[in-house]
Structures are given as C-alpha cells and as structure tokens.
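So the chains spell out like this:
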Amino acid sequence: MSRSTVTTESAPVRLLLIGTAVAFLSLFLLLPLAAVFVEAFRKGWEVFLASLHEEAALDAIKLTLLAAGISVPLNTLFGVSAAWLVTKFKFRGRSLLVSLIDLPFAVSPVIAGLVWVLLFGAKGWFGHWLAEHDIKIIFALPGIVIATVFVTFPFVARELIPLMETQGSDQEEAAVTLGANGWHIFWRVTLPNIKWGLLYGVLLCNARAMGEFGAVSVVSGHISGETNTLPLHVEVLYNEYQFSAAFACATLLAFLALITLSLKTAVEHFTGHSSQNNH
Amino acid sequence: MSISIQSISKSFGAYAALEDISLEVPDGSLTALVGPSGSGKTTLLRIVAGLDFADPGPGKIAFHGEDVIDIPAAKRGVGFVFQHYALFRHMSVAQNIAFGLSVLPGAARPKKTEIRDRVKELLKLVKLEGLDLRRPHELSGGQRQRVALARALAIRPKVLLLDEPFGALDAQVRKDLRRWLRVFHDEIGLTTLFVTHDQEEALELSDQVVVMRNARIEQVGKPQTVYDHPRSPFVYEFLGNVNKLHAGKDVRYVRPHEIDVLFAAEFDPATDSLARVHHLFSAGPIATLTVKLGDGQFLDIELSRRHLAELSLSVGDEVAVRPPPFERGQS
Amino acid sequence: MSKRRVIPGFGLSMGFSITYLSLIILIPLVALFLKAATLGPAEWWFILTSPRMIAAAKLTFGASAAAALVSTVFGLLVTWVLVRYRFPGRRLLDAMVDLPFALPTAVAGITLTAIYAPNGWLGETLAKWGIEAAYSPLGVFIALTFIGFPFVVRTLQPVMEDFGSECEEAAATLGAGRWVIFRRVIFPMFIPALITGFTLAFARAIGEYGSVIFISGNLPMQTEILPLLIVSQLEQFKYEAAAVIAAGMLIVSFVLLFLINLLQRRLSWQNR
C-alpha cells in the first residue's frame, strides 16, 4: 500500500514518529521479554535446568496443565453455546446477556478469587457444610479450577460472537431447508466456518488460564507441591530470593505466551482477517 | 404441486409485513412475486418455506391440498435458493449438492454411489459438468447460482422457491441466466415461486405475476394482462414507464409506446394534441422523444427508429400526438 | 409461550448458557454483595473511609487513570506508525503488541521489577538521577501502562485500517496542511475508538494484581493497591471487610464504565 504525498508526512516527521514508537515498544515489549530470558540464565544452564527439574516445579506444571485442561473445555463449551444463542436467535434480554458475558473483564482477578472464598471458604456460606462432608474446594484443585473458569469465562464467547454475527445465518437456514437437523448443522456447516476463530479463542483462553495469578493466588493457599500452579510457584521462588529459579520457571510461561502469539499470527494469516477482539 | 396460500398475516412488533395474503400458485407454473423493497414479498416466500412463521390465526399454506403450516422447514420439502446463494463455503460443489441427501436419516439415505450419480445428474442438468471439485469461491456468480439451484433440487423438492435469483449478478449474466431458467423450468416442470424487485424480469420470465405493495397483493394475473390492464395507478407505474397526464382533476396513464406521433399537418382536434419536440434520444433499438404539450406537461413517447427517421424531426418542431382511445377502468 | 424457531438448539443453548453464567458469574457476585450487606452502613463507612483504604483507592484509581491516559497517547502513536508506515520489523512489532495480553501477569511483574528495581537494568541509571521507579507509585504506573496500552492499539487498529484516504485527499485539495488535516479530519474519527481503548485499559488497570504487587513494594498507605488490600483482609480472615472493599470497587468501576460508555455513545452519535 503506497500513499500519495498529500496523505503522508514529510520524511523527518515520519522518522521521528517511527523512532518514538519503536523506542516505546522496545522499552515496553522487547526489553521485558529479553529480561525474562537473561535473568533466567544469569547463573548458567545448570541452575536453569535444575530449577525446572525440581519436584515443586514439576508439580506446579502438572497442576497448571490440569487446571487449564478442565477449565478451558468448560469455557469452550459455554462460548460455543452462548455464541450460538445470541447470534442465531432473537429474544428478549439478548443484549443484557451479551454484556453479562463481558462482566468478568471488569472484575479484578482478586475479586474473582474472593467470591469463591466467600462461598466455599472455611467461614463462607457453604464452608460449614463442606467441612462436615469433608469436601475441599478452597485451598484445593476445585477452587483453582473455578477461579480460573471465572477469569477466563468470556474469551471463547468474545471471539465467536462477532465472527458468527458477520457470517449470518444464511448457511444454517439453507441447511435447514435441505433437511438437516441441529447436530448436522453444527458439525457440518457452522463449525467448519468458525474453526479458526474458535481455535484462536481457545488459545487465548488457555494462555490466560495457565498464566492466571490473582484469582488463583486467593483460592490456592500456596501449599507447595499441592496447590501451587506455575505462576504461584514463580512467586514463591521470587519471594524466597531464588531469582534465577523464579525466572527459569517464568521462561516456560513466557514461551507459552510466545507460542500463543505465533499461533495467533498464523491463524490471522490463514483467515486473512485480523481479530478485533480485546481482552 | 400447487401452492395455496390463505389469509396469511405477519407482523414484526407494530410493523405489518403481510396483511391477510391469499394466493394460488398453479401446479407447474412459474410465478413471480414482484414489488418494491419492503412490500413483503421475501417474507411471504420465507413463510412458504417455513423459514419464518405467520402470525397465529386462521392462515393456511397447502402444497397440493396438504396443509404444511405445522411442518418444520427441514421436513417441508421445499427447494430454497437464497439471494446470496448461502453455499457452504468449505465444501466442494459436489459436497454442496450432496448435502441434502447425506443428512437424510439412516434408512432413507441413499448409498454413496447413488448420491454420486445423483450429483452427476444434477451437475449435468445445470450445465456445470466437471466443476464438482471446485469450491464456491472459485466460481462465477452465475455458476454459484446454478450450484445453489442444483443443491435445492437434489432433495427432490415439492416446490422451488427462489429469493431474488438474479439480484447479485451483472446485467449481462442476468439476462442469459433469466432465459436459461425459463427453459430449465419448462424442462423440469416444478412449481416455482420467485421473488424479484425487477418488473422486467417478472414480466419476461413468469406465467403469473403477483404485484405486491405495502404488505398486500395489489394484482395477480398473466404478465400480459397485468401489463395491459393494471388495476391501480401503482401497478401502472411499477410495471414500466408511464406518462401521467393531468386533465383537470383526472389523471390518465399512457405508456410511451402507445402514443402515435404525426406531422402537425395531420392534426385531428378530436383525438390529438399539438406539442413541441423538447428532446430526442435515438441511441438504442427504440427511439425516445420528449414533447411539451400546450399546457406545459411533458410526454415521453417511444417509437421505432424508422418511424422517427420518416418524421425527420428536430428539437423545436411542432407535432401532433395521439394517445390510444380512452379505456374504461382508469381514473 | 413457545415461539417457533427455524434453527434448532434454542432451548439447549439458552438452558446451558444461562445456567453456566449464573453458576460461574452471577451467583458468586450476588453472594459477594450479600456478604458485604451483612455489615451495616456504619461499618461500611468505617471500612471505606479508613485512611489505608483511601490511600489505596487514590493510588489505584489515580495510577490507573494516568496509565490509561499515557497508554492512549502512545497507543495512538504506535497504531499510527504500525498502520500507516512501512519499515523493517513492523510485522514483528505488530505481532508483539499482544505480548502483555499473553504474558502471565506474575511474569510481567517480576520482569518489570528486574528492570526497574534500584539495582535493575534501567533502575540503576534512574536511581542515579534520583528517580525511584520500582517500589513507588511510579512502579505501579509503569506496570499498569504495560498492561494497558495493547487495548488501545487493538481497538484503534481496525478503525484506522478502515479509514480511507479519501477524506484526507479531499481536505488536502481544499488547501489544508498535514497538521490541520490530522487535527481536524483524522483525529476526530478516532475519538470513539480511543475512548473505548482508554476505558478497557482503565478497567483492566483498576483490577490488576499480578504485575503490580512485585514492583509496587506493597507499603500500606504508600504503594498498596486495592486488590492487595482485599488480599490482606482475607489473610486476616476479615471476610466481611474484604467483601465490602470488593463491592465498593466493583460499584465504582461499573459506574465509571457506565459514564464513559454514555460519553462515548454521545460522541459517536455526533460523529455520524
């Protein structure tokens, strides 16, 4: 895309603007990213590898994968269901529902953890009943999962709703006139059309689920080897002044972020669309 | 199979999209629903297909006498061609056409080979042999439309419904496809109802024209009848160019080709009016003449180019114009 | 009343979506407000007007607003450069803008601290000039800017990409210079998107926890943010107080978002 001279700036102005923007992005994107890796290797390869092989680290990785493995499919199911509901049907309260789906974006992760403590914590609404039946939610896996689900709730739905809205319902209606039932319509007509958007939503949801800190930190109890997810493990190491180990574990999460970004770029390349989504 | 529509109404909130519509579509006919946008024609078509629902009430829709209003769209057996075709983008042409057969429940579903043969047959019918592996985005607009048609026909529908079938096509393709569809319809003889906003298309293509306006049917009839004997000023104006002649409180509608032009010397005060040539346009098969009458009204006249040459007129000349004899029923 | 629908799945998707939404979001939030409501107005007043609370609120909302504002300014510049100019590394930078979305907040927190701490990459130099970046309100502001500016870029980018050069060319043929064209023709078109971006960055900043707590130093009355105050109440098992602070925070955030939304609607209506 080339622009005519009347719609662009003179070369010095352009250079100044590019220079400032690049400087800002370097300071706020490239420098932090470099810092993660440099700090991780400050004490050499051995310390780096040892920090990842430590049992607490491995447990934290397992727990993180498990929590994301439960919460991401749940929110994917919800995202597809909610997107189907608000884009294929007109009903009263539709726009209210759309705003409610966005609600968790406006809620602090700490509050997202707090609400579960208030419900299921030792002094919470159901705390007494849970203790009597020996069910642990807070300071245990279920708490971590529900806190993660709360925080990552809107991601898939947010990605699918605008996409399915632009695609309209013509193809689904055509399938209906051809005799297809709901199952056929979803799997054979709708899903192939939204698969990239869905994949992108799931990726974002997963990245956020694995990296969630605030909400999980409130409900986890920081029990090493039991309820520490990887981000919490990073915090523990950092607070114990084991900086290299903390950054070594942080590189895993940074990798996750980079992979998510690359896949995102690849998906955009495939579909030829850039996502307008915000999170 | 005939379609019988009886007292169908449809409202969206306070807005009435259809008011008490009744219509008979004869078996094997090609019927056009024509009207300006917002007249309710697409809504009516969608209700016949089961894609929209009429307001509850005494309304009935019957195919060959069988009431279908409670039959869901998926089981109603209509072939529906959408305005923008609604082809499945991720499927090949063959997969698109086969879709309706492949989603039939187990027992009713034909064997793979049967489906393949049927797809072949349909591709031949719509003259798209050899394109079975293409994706919709690799086809031209006219080809897409024929794929949509083949897909709709694959389920052996009882009736065929087309929503603005030529709306998304270029002018030339549109003309060719229009002629092709007429021949195609005569070959397969399937009762067909189509929506268009283009009066020329409706008149040229159909056996029966249904003119709609403001949620109501304005007139139904054969194209010739509706064109020559419009029942209302609206139909008169909608179905082609027309001159609106004011004489006191009365208005008379005269089509441009119905007016004779004579030399001023041939002026007959009983039937003619004197007028002055205001504008001449003859770059086309038909020449158009605009004349200004004595009372200041303008009149468009269409005549053959040969006739115009015989008159050898130029702007400013005086002529005598003779409208057709007054017909009853007009006002 | 059963309304007929053409596409199947209304009952199923409605049932599942509403149940899930209620269980995961609505009931817990209602429970939060109910818990907060177990305290009377006097106790609410006492908790919400304690000096520590007021200091935390000032810092949270102040730093969030400042960070969102700076994010908006730099977001506009970055988007402009990414959309309108071609230079080596542009695509990489464009892809990287989402890093703060994708990078876990705890990682952002320790990394920014490593950079801005008094013995850190940049902190050392800044300290020589007498600027205390980490463990100060400035640190909170830095973390919140990092978190916030991608919102502005990603909101503005599609609007800027769709903005044809026709209006600019028209303005140029009418004799306007570049700066006048930008200020009077281009910029007004971007205002609604800029406000949306600001709002998103602001809302996210108010609730932000992970990236802030490492760099802020967490000193009560000085560098303690509201989410941290909630956590410290929880650690002392003061559930009610935590609920009151959280409820207050949510109410203020919702009201602010609502007001900004109103403002934006008016502006985008005027722009039509």
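Residues numbered from 1 in each chain as written. Chains lettered and ligands numbered in written order. Predicted model: local features only at pLDDT ≥ 70, side-chain atom pairs only at ≥ 80, totals over all residues. Heavy atoms only, no water.

Trainee: What exactly am I supposed to notice about the overall build of chain A here?
Mentor: Counting its regular elements, chain A contains 13 helices and zero strands. On the principal axes, the C-alpha backbone points of chain A span a range of 65 × 60 × 30 Å. Counting across all 279 residues of chain A, residues that qualify as buried make up 58%. Accessible surface computed for chain A: about 11700 Å², of which carbon and sulfur atoms make up 66%. Between the averaged position of the 16 positive side-chain charges in chain A and that of its 19 negative side-chain charges there is a distance of 9 Å. (Helix = DSSP H or I, 4+ residues; strand = E, 2+ residues; numbered from the N terminus. Buried < 20%, exposed > 50% of the residue type's maximum accessible area, 1.4 Å probe, protein only. Areas by Shrake-Rupley, 256 points an atom, 1.4 Å probe, with all protein chains shown as cover. Lys, Arg positive; Asp, Glu negative; His and termini not counted. Charge placed at Lys NZ, Arg CZ, Asp CG, Glu CD.)

Trainee: Honestly, a positive patch on the surface in this entry has me stumped. Any pointers?
Mentor: All names here are of chain B. Together, Arg-109, Lys-112, Arg-116 and Lys-120 give the surface a local cluster of positive charge. Secondary-structure assignment places Lys-112 in helix α4 (residues 112-125). In this structure Lys-112 comes out as exposed when scored by relative accessible area, which is 71%. (Patch = residues over 30% accessible without salt bridge, like charges linked within 9 Å, V, L, I, M, F, W, Y side chains within 5 Å. Salt bridge = Lys/Arg side-chain N within 4 Å of Asp/Glu carboxyl O.)

Trainee: What should I look at first to understand the interface of chain C and chain A in this one?
Mentor: The figure often quoted for interface size is the accessible area lost as the parts come together. Each side of the interface is counted separately: chain C has 90 residues, and chain A has 97 residues. Buried area between chain C and chain A, both sides added, is near 8400 Å², and the carbon and sulfur share of it is 78%. Summed over the shared surface of chain C and chain A, the number is two salt bridges. With its nearest N and O atoms 2.5 Å apart, the salt bridge here joins A:Glu9 to C:Arg178. (Contact = heavy atoms within 4.5 Å. Buried area = accessible area lost by both parts, 1.4 Å probe.)

Trainee: I keep staring at unusual backbone geometry and nothing clicks. Help me out?
Mentor: The phi angle of most residues is negative, glycine excepted, and most peptide bonds adopt the trans form. Notably, A:His222 is not glycine yet its phi reads approximately 50°, a positive angle. Here A:His222 shows up in the loop between α11 (214-220) and α12 (230-239). The residue B:Asp20 is not glycine, and still its phi comes out positive at about 50°.

Trainee: Looking at this model, I keep getting lost on helix α8 (residues 155-167) of chain A. Mind explaining?
Mentor: Helical geometry note: an α-helix holds 3.6 residues per turn, so side chains three or four residues apart project in the same direction. All names here are of chain A. Helix length check: α8, at 13 residues, gives a terminal C-alpha distance of 19 Å against a target of 18 Å (1.5 Å per residue), a fit within 8%. For α8, the full list of buried residues reads Phe-155, Val-156, Ala-157, Arg-158, Glu-159, Leu-160, Ile-161 and Met-164. Those residues of α8 hidden inside the fold are in contact with α3 (55-88), α4 (94-102), α7 (141-152) and α10 (182-211). Just beyond α8, the residue with positive phi is Gly-168, at close to 70°. (Expected span 1.5 Å × (residues − 1).)

Trainee: What's the story with the sheet that holds strand β7 (residues 159-163) of chain B in this structure? I'm lost.
Mentor: Two orientations exist for strands paired in a sheet by backbone hydrogen bonds: parallel and antiparallel. All names here are of chain B. Spatially, β6-β7-β8-β3-β9-β10 is the arrangement adopted by the six strands of the open sheet, whose pairing is mixed. Only two strands of the sheet have a single partner each, and these edge strands are β6 (78-81) and β10 (216-221). Within the sheet, the average angular offset between the axes of one strand and its neighbour, ignoring direction, is 15°. Of the strands in this sheet, β3 (30-34), β6, β7, β8 (192-196) and β9 (208-213) are in contact with helix α1 (residues 41-49), which crosses β7 at around 150°. Relative to β6, helix α5 (residues 141-154) is tilted by about 165°, and along the sheet it contacts β6 and β7. (Pairing = 2+ DSSP bridges. Axes fitted to C-alpha atoms, helices over the stretch in contact; angles between N-to-C directions.)

Trainee: Can you walk me through the packing of helix α3 (residues 51-84) of chain C against helix α8 (residues 137-162) of chain C in this structure?
Mentor: Think of two packed helices as two axes; the pair is described by the angle between the axes and how far apart they sit. Residue and element names in this part refer to chain C. Closest axis-to-axis distance for the α3/α8 pair is 6 Å, and the angle between their directions is 40°. In terms of their interaxial angle, α3 and α8 are classed as oblique. The two elements α3 and α8 meet at a crossing, and its hand is right-handed. Among the residues forming the contact of α3 with α8, the class breakdown is 18 nonpolar, eight polar and one charged. (Parallel < 35°, antiparallel > 145°, perpendicular 65-115°, else oblique. Left-handed = near helix turned anticlockwise from the far one by under 90°. Nonpolar A, V, L, I, M, F, W, Y, C, P; charged D, E, K, R; others polar.)

Trainee: It is not clear to me how the packing of helix α6 (residues 105-116) of chain C against α8(C) should be interpreted in this structure. Could you clarify?
Mentor: Residue and element names in this part refer to chain C. Where α6 contacts α8, the two axes come as close as 11 Å, and the packing angle between them is 130°. When the axis of α6 is compared with that of α8, the two are oblique. At the point where α6 passes α8, the crossing takes the right-handed sense. Residues Thr-105, Ala-108, Leu-112 and Tyr-116 of α6 form the contact with α8, whose participating residues are Ile-142, Ala-143, Phe-146 and Ile-147.

Trainee: Can you help me understand the environment of C:Tyr85 in this one?
Mentor: Looking at the secondary structure, you find C:Tyr85 in the loop between α3 and α4 (90-96). On the basis of relative accessible area, C:Tyr85 is assigned to the buried category, the value being 3%. Through-space distance from the C-alpha of C:Tyr85 to that of C:Ala117 is 35 Å; in sequence the pair is 32 residues apart. Not counting chain neighbours up to four residues away, the residues in contact with C:Tyr85 comprise A:Thr8, A:Glu9, A:Arg14, A:Leu17, A:Ile18, C:Trp80 and C:Arg90. In terms of polar contacts, C:Tyr85 uses its side chain to reach the side chain of A:Glu9, at 2.4 Å. Polar contacts involving the side chain of C:Tyr85 include one to the side chain of C:Trp80, which spans 3.0 Å. (Polar contact = N/O pair within 3.5 Å; in protein donor to acceptor, adjacent residues only side chain to side chain.)

Trainee: Whenever I open this one, the domain arrangement of chain B confuses me. Can you help?
Mentor: Residue and element names in this part refer to chain B. Here chain B is partitioned into domain 1 (3-236) and domain 2 (242-322). Between domain 1 and domain 2, the C-alpha centre-to-centre distance is 41 Å. Contact with domain 1, which involves four residues of that partner, is made by five residues of domain 2. Its largest share of buried area at the contact with domain 2, domain 1 owes to Tyr-227, Pro-233 and Tyr-236, together 97% of the area lost on that side. The interface formed by domain 1 and domain 2 includes zero salt bridges. Our count for the domain 1 to domain 2 interface comes out at three residue pairs in polar contact (both at pLDDT 80 or more). Across the side of domain 1 that touches domain 2, the residue classes tally to four nonpolar, no polar and no charged. (Domains from an automatic or database assignment.)

Trainee: Explanation requested: the environment of B:Phe267 in the structure shown.
Mentor: All names here are of chain B. Secondary-structure assignment places Phe-267 in the loop between β13 (260-263) and β14 (273-281). By relative accessible area, Phe-267 is classed as partly exposed at 31%. Placed 54 residues apart in sequence, Phe-267 and Val-321 show a C-alpha to C-alpha distance of 8.1 Å. Among residues more than four places away in sequence, those in contact with Phe-267 are Asp-272, Ser-273, Leu-274 and Ala-320.

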